[in-house]
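Summary of the model geometry
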Amino acid sequence: MASNVEAPERWYLALLGFAEHFRTSSPPKIRLCVHCLQAVFQFKPPQRIEARTHLQLGSVLYHHTKNSELARSHLEKAWFISQQLPQFEDVKFEAASILSELFCQQNLVDSAKPLLRKAIQISQQTPYWHCRLLFQLAQLHTLEKDLVSACDLLGVGAEYARVVGSEYTRALFLLSKGMLLLMERKLAEVHPLLTLCGNIVENWQGNPIQKESLRVFFLVLQVTHYLDAGQVKSVKPCLKQLQQCIQTISTLHDDEILPSNPADLFHWLPKEHMCVLVYLVTVMHSMQAGYLEKAQKYTDKALMQLEKLKMLDCSPILSTFQVILLEHIIMCRLVTGHKATALQEISQVCQLCQQSPRLFTNHAAQLHTLLGLYCISVNCMDNAEAQFTTALRLTTHQELWTYIVTNLASVYIREGNRHQELYSLLERINPDHNFPVSSHCLRAAAFYIRGLLSFFQGRYNEAKRFLRETLKMSNAEDLNRLTACSLVLLGHIFYVLGNHRESNNMVVPAMQLASKIPDMSVQLWSSALLKDLNKALGNTMDAHEAAQMHQNFSQQLLQDHIAACSLPEHNLISWTDGPPPVQIQAQNGPTTSLASLL
């Protein structure tokens, strides 16, 4: 009798062992794994084994094959059978979780939502699964851009975690909600929430890695909040704390001890992903502040780390990190006079976006904005206008919209014959009245654009007022590029007005700052002014030295211009519709004017 009872367990364990052996082989033998699991049904197993086997088959087919219909069938059976069995939570809720993922992959979001809602409703006595399913449904709403529903669910999760005594997971829910509120620009709700999170994180006594990861999450939100507001100087203490925090985490060893509270069984991000994220926000800060060599250094470190991680991990977040890093380094290259490299990196972003429709949807506007900036750098103003117009059509992000409009206004000012369109744009980014965003940096840039227009119109006193406002704002937050641009333009105005001494007082520090950034265009402009200034003041030697510098900068920019326009990727400037072009045809040499560089 005993042997009859043990027999099904022995055959089941044997088949399970074989299946796992084939699944973990190198390379995995998925077909043989599936055969072993399917063989379980030949023995007419008890319902518990039947449900678990359906879950295992569904999971293997979903993760390792393209047979999504068969995977769905097994997962639906696992979900159906397990609901009829008492105390079978792991199988029941894992089946619901994977099945809803599969529905989302098949664009059946309306099937995923009720499934998750039911699972959430019946999982309240199982803290781990209840929290996990709440996170999953909140993520689904976030991907659908329904941030209000996502925030509501995260609020429910935070309250549930508090009730079951998990302050750690409560903090995760609240920080996730804070992230979404920042995305929605609900700043009045963000501030008290972040204050509460800060208190919870500091008071929580638990696993050191979990505690530090909460602090990283909290500080990343604070840093990005400051950077969104264009407050490059104010963010420095938070950024320093964040960098120290990630150093602490890298010295801690992962404890294998599981938390006593099952609701604490969550990690925000793996340690290695957090390191890349901290590099990323450091690059964002360096780019905004105008420390471009520092931005380059941290980008190189982050991209090297990403390449290593992507060999072992296909998590979509890694591609997102890579695209954001490339977006920032492309802007750096355009400023430092490396247009050809920037263009090749824009092409790299296109290739990454081709591999993921969601990535392209989220970054299409940024990609066209970068192409617009590249077009300005090679003096293709019609293409720049087309790229910026496309980007405006694709974005709903207020800060990005304001940034694009500011750059499009600079294109119209350079063209000199688009007065109606220009004034229409300037009305929408008036820094003195109803400026559309709270960004300090973008408002300072809007004053600069007004100053530039007044300069071209010969209204010098008005130009000086706008530029002094830019200088005041950029000095307050260490916005080095805006400071350099404003100083050189003020220097130009004083030179035109015949006030050579005051002009010199502006141009010399502009040149020093531009060299430190380094900003090649401002260096070119400053050296041309210094040449003329020193000639007017009778400083022959200084005039000759400035002329030599101007010649060197001109040559460097000219060579880079020719190299960029000769690349097949230069044809991307004509792309304004649909997904990124798969293949870029080479063209016969540069077709753009070099006049702006000479």
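Small disclaimer: the values here were computed from a predicted structure and weren't measured.

Details of the environment of Val190
Inspection of the secondary structure assignment puts Val190 in helix α10 (residues 187-203). Measuring from C-alpha to C-alpha, the distance between Val190 and Cys314 comes to 32 Å, with 124 residues separating the pair along the chain. Excluding residues that lie within four positions of it along the chain, Val190 makes contacts with Gly178, Leu181 and Leu182.

Concerning helix α19 (residues 398-415)
Between its terminal C-alpha atoms α19 stretches 26 Å, which fits the 26 Å expected from 18 residues at 1.5 Å a residue. Here α19 lies mainly inside the structure; 14 of its 18 residues are buried. Immediately downstream of α19, the backbone of Gly416 shows phi near 75°, a positive value.

Some details on the pattern of salt bridges
Enumeration over the complete set of coordinates arrives at 21 salt bridges. A salt bridge links Glu76 to Arg72, with the nearest nitrogen and oxygen atoms 3.1 Å apart. Of this pair, Glu76 and Arg72 both sit in helix α4 (residues 68-82), four residues apart, which is roughly one turn of that helix. Exposure remark for Arg72: the relative accessible area of 23% places this residue in the partly exposed category. In this structure, the salt-bridge partner of Arg162 is Glu159, at a minimum N-O distance of 2.6 Å. Separated by three residues within a single helix, Arg162 and Glu159 lie in helix α8 (residues 147-163), roughly one turn from each other. Taken together, the shared-partner salt bridges in this structure form one network comprising Glu385, Glu415, Arg418 and Glu421.

Quick word on helix α2 (residues 30-39)
Of the residues making up α2, those classed as buried are Ile30, Cys33, Val34, Cys36 and Leu37. The buried residues of α2 all sit within an arc of 160° when viewed along its axis, so they share a single face.

Thoughts on unusual backbone geometry
Of note, the bond from Ser26 into Pro27 is cis; its omega dihedral lies within 30 degrees of zero at 0°. Residue position: Pro27 is located in the loop between α1 (2-23) and α2. Looking along the chain, the bond that leaves Ile517 and enters Pro518 is cis, with omega of -10°. Among the secondary structure elements, Pro518 is positioned in the loop between α24 (500-516) and α25 (520-536). Phi is positive for Lys44, which is not a glycine, with a value near 45°.

Considering the nonpolar core
Grouped together as the largest cluster of nonpolar side chains are 199 residues, with contacts concentrated most on Leu214, Val216, Val223, Leu242, Ile346, Tyr374 and Phe388. Formed by five residues, the second largest nonpolar core is a distinct cluster that contains Trp11, Leu15, Val40 and Ile49.

Focus: the packing of helix α14 (residues 292-312) against helix α15 (residues 316-336)
Here α14 crosses α15 at 150°, and the two axes come no closer than 10 Å. If you check the angle between α14 and α15, you find them roughly antiparallel. Judged by the twist between their axes, the crossing of α14 over α15 is left-handed. Residues Leu292, Ala295, Gln296, Thr299, Ala302, Leu303, Leu306, Glu307, Leu309 and Lys310 of α14 form the contact with α15, whose own contacting residues are Leu318, Ser319, Phe321, Gln322, Leu325, Leu326, Ile329, Cys332, Arg333, Val335 and Thr336. Classifying every residue of the contact of α14 with α15 by side-chain character gives 13 nonpolar, five polar and three charged.

A word on the packing of aromatic side chains
Applying the stated criterion across every chain yields a total of 14 aromatic pairs. When the centroid spacing of 5.3 Å and the interplanar angle of 25° are considered together, the rings of Tyr128 and Phe266 count as stacked. Highlighted residues: Tyr128 in helix α7 (residues 127-143) and Phe266 in the loop between α12 (236-251) and α13 (271-289), separated in sequence by 138 residues. Judged by relative accessible area, which is 21%, Tyr128 ranks as partly exposed. Among the residues examined, Phe266 registers a relative accessible area of 10% and is labelled buried. Through pairs of rings, three or more aromatic residues link up here, namely Phe93, Tyr128, Trp129, Phe135, Phe173 and Phe266.

Parameters and conventions
- Residues numbered from 1 in each chain as written.
- Predicted model: local features only at pLDDT ≥ 70, side-chain atom pairs only at ≥ 80, totals over all residues.
- Heavy atoms only, no water.
- Helix = DSSP H or I, 4+ residues; strand = E, 2+ residues; numbered from the N terminus.
- Contact = heavy atoms within 4.5 Å.
- Expected span 1.5 Å × (residues − 1).
- Buried < 20%, exposed > 50% of the residue type's maximum accessible area, 1.4 Å probe, protein only.
- Salt bridge = Lys/Arg side-chain N within 4 Å of Asp/Glu carboxyl O.
- Arc of directions from axis to C-beta.
- Core = buried A, V, L, I, M, F, W, Y, C linked by side-chain atoms within 4.5 Å.
- Axes fitted to C-alpha atoms, helices over the stretch in contact; angles between N-to-C directions.
- Parallel < 35°, antiparallel > 145°, perpendicular 65-115°, else oblique.
- Left-handed = near helix turned anticlockwise from the far one by under 90°.
- Nonpolar A, V, L, I, M, F, W, Y, C, P; charged D, E, K, R; others polar.
- Phe/Tyr/Trp six-rings, centres within 6.5 Å; stacked < 30°, edge-to-face > 60°.

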